[in-house]
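Coordinates in review
Spelled out, the chains give:
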Amino acid sequence: MPADKQKKYNNPVSATLTGIADLFRKFEPAGELKASDRLDGKTVLVDGASSGLGFAVAAGLARRGAKVIMACRSGIPAKGEEVKRLSGNPDVHMLLVDFADISSIRELVVNIRSDSFFNGENGSGIDILVCNAGIVPKQSRKTPQGLEEMFMVNYFSKFIFVNLLLENNCFTGRAGAITRIIFVASESHRNPEKFEWDDFGKYREYRIGKSIELYGYYKLLLTTFAVELSRRLNIAGKSRISVFALCPGPVNSNIAREAPKLFQPLLSVVFGIFFKSPAKAAVPVEYLAASADVEGKPFDYLFLMSRKAVDEKAAEPANGALLWKLSEELLKSLQIV
Ligand SMILES: NC(=O)c1ccc[n+]([C@@H]2O[C@H](COP(=O)([O-])OP(=O)(O)OC[C@H]3O[C@@H](n4cnc5c(N)ncnc54)[C@H](OP(=O)(O)O)[C@@H]3O)[C@@H](O)[C@H]2O)c1
């Protein structure tokens, strides 16, 4: 692997500098988000919407007329009220979820099915899902099921959640409508040299120094899952559900909340000056959610507003198939009743 690629996202300093440098590079735009890209009559679920990018996406999509469900572990009901006020759209709802806990994800799906915004199998379900929640923890922590928290929140919860939504017919039943599933990934998915299949899902101890490197690895798992999901949902060129992924670039959010206290003042200055506001960073997510340009596409990946190929490891069908198999086996082994 070339040395420059290897070093890009391996520690907090190089990851921050790479993010800043990217903001100054010129990229060919994939398209343009227009005021006419409306979502009236559509239902959107955004998770991790209590803060940063997810909150801005929820507000932006509510402004475009969507019914918005914010699936969050905090900020209920205050953040939903704020989205209503900022967007002028009263059709905003909040549901509780902790993506570190599989039982909580299951409860969320039960609530989605039974809530009044879900009108049953022949009515409308979720038209657009934005899987956004993510963390950069200062150290490893065990989830209630004994998994590693960043592995769970940044990758495995998405595998479980999306599959539960599919199994429970939670996506729209509207004729002719193509559902969109959008994953907030990261360019850092290109950083890992290889998959570590033998250690898949195993709890491992680490501290902040290793956190950024593992973050990139879990974003690689997420991106590989996104490509494989698209492959499975869109057979023989027939688009059933579009699967999109993106990197929003560096966002002035709360993502570094667990960084050492000593660095917090410096980070907040750097983030404030160089990183994008959540509202600006939300534009590619809103584009993938609302633009007619991408209607019916089985897969797309954006970095900022430019179209890119995902890393070749994520695109490789054998990797996608193995990730899916290992994820299913891991879930089965947890024997959750
Ligand atoms: N910031 C960047 O520079 C950057 C760059 C590339 C990609 N991203 C990605 O963008 C996404 C959003 O992050 P952000 O930058 O907006 O950070 P953020 O402000 O920290 O927001 C993260 C969101 O995820 C939620 N979350 C974390 N753990 C959760 C759990 N166990 N269950 C449910 N929700 C949980 C948080 O909820 P609480 O508020 O309750 O903690 C919060 O709403 C992440 O996937 C991140 O990896 C960020």
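Overview of the structure. What you see is a predicted model, and the numbers here were worked out from it, not measured in a lab.

Take V46: it is sitting in strand β1 (residues 43–47). Through-space distance from the C-alpha of V46 to that of V109 is 14 Å; in sequence the pair is 63 residues apart. In this structure V46 touches G54, V57, A58, L61, I69, M70, A71 and V130, once residues within four positions along its chain are discounted.

The complete set of buried residues in helix α4 (residues 78–87) reads G80, V83 and S87. Viewed end-on, α4 has its buried residues packed into an arc of 55°, placing them on one side of the element. Against the buried residues of α4 lie α3 (52–63), β2 (67–72) and β3 (92–96). Looking one or two residues past α4, G88 carries a phi angle of roughly 75°, positive in sign.

A separate point is the pattern of salt bridges. If the charged atoms of two oppositely charged side chains come close together, the side chains can form a pair. This structure, assessed with the given rule, holds 17 salt bridges. For R232, the salt bridge is made with E228, and the minimal N-O distance between the two is 2.7 Å. Linking R232 with E228, this pair stays in helix α7 (residues 208–233), spanning 4 residues, or about one helical turn. Residues R307 and D300 are paired through a salt bridge, measuring 2.8 Å at the closest nitrogen-oxygen approach. Taking the relative accessible area as the measure of exposure, D300 reaches 3% and is therefore buried.

Most of strand β6 (residues 241–247) sits out of view: 7 of its 7 residues are buried. Alternating residues of β6 divide into I241, V243, A245 and C247 and S242, F244 and L246, and every residue in both groups is buried. Strand direction decides the pairing type here: strand β5 (residues 179–184) and β6, joined by 6 bridges, are parallel. Note that in β6 the partner of R180 across the bridge is S242. Of the strand pairs in this sheet, β6 and strand β7 (residues 299–303) are connected by 5 bridges, and their pairing is parallel. What sits directly across from C247, in β7, is F303.

Our focus in this paragraph is the nonpolar core. Ranked by internal contacts, the top residues of the largest apolar core, which has 68 residues, are L129, F161 and F183. Among the elements that make up this core, the one with the highest residue count is α7 (13 residues). The contacts of F183, once residues within four sequence positions are left out, are C131, K158, V162, L222, F225, A226, L229, V243, F244, A245 and L246. Counting residues in each nonpolar core, the second largest holds 37 residues, with C72, V92, F244 and A281 among its members.

On to the pairing of β1. Counted residue by residue, β1 has 5 buried out of 5 residues, so it is predominantly covered. Side chains of β1 alternate between two faces, with T43, L45 and D47 and V44 and V46 buried alike. Where β1 lies against β2, 5 bridges are found, and the strand directions are parallel. Paired with V44 across the two strands is V68, which belongs to β2. With α3 bridging β1 and its parallel neighbour β2, the resulting β-α-β unit is right-handed. Where β1 meets strand β4 (residues 128–131), 3 bridges bridge the pair, whose relative direction is parallel. Residue pairing for β4: V46 is matched across the bridge by V130.

A separate point is unusual backbone geometry. Between I76 and the following residue, P77, the backbone shows a cis peptide bond with an omega angle of 5°. In this fold, P77 is placed in the loop between β2 and α4. The backbone of N169 sits at a positive phi, close to 50°, despite the residue not being glycine. Along the polypeptide, N169 turns up in the loop between α6 (149–167) and β5. Phi is positive for L304, which is not a glycine, with a value near 55°. In this fold, L304 is placed in the loop between β7 and β8 (306–307). When its relative accessible area of 11% is taken as the criterion, L304 is described as buried.

It is worth spelling out the sheet that holds β7 at this point. Within the open sheet, the 8 strands sit side by side as β3-β2-β1-β4-β5-β6-β7-β8. Their pairing is mixed. The sheet is open, and its two borders are formed by β3 and β8, each paired with just one other strand. One ladder, built from 4 bridges, connects β4 with β5; its direction is parallel. Bridge assignment links L129 to a residue of β5, and that residue is I181.

Conventions adopted
Residues numbered from 1 in each chain as written. Predicted model: local features only at pLDDT ≥ 70, side-chain atom pairs only at ≥ 80, totals over all residues. Heavy atoms only, no water. Helix = DSSP H or I, 4+ residues; strand = E, 2+ residues; numbered from the N terminus. Contact = heavy atoms within 4.5 Å. Buried < 20%, exposed > 50% of the residue type's maximum accessible area, 1.4 Å probe, protein only. Arc of directions from axis to C-beta. Salt bridge = Lys/Arg side-chain N within 4 Å of Asp/Glu carboxyl O. Pairing = 2+ DSSP bridges. Core = buried A, V, L, I, M, F, W, Y, C linked by side-chain atoms within 4.5 Å. Right-handed = clockwise from strand over helix to strand, strands pointing away.

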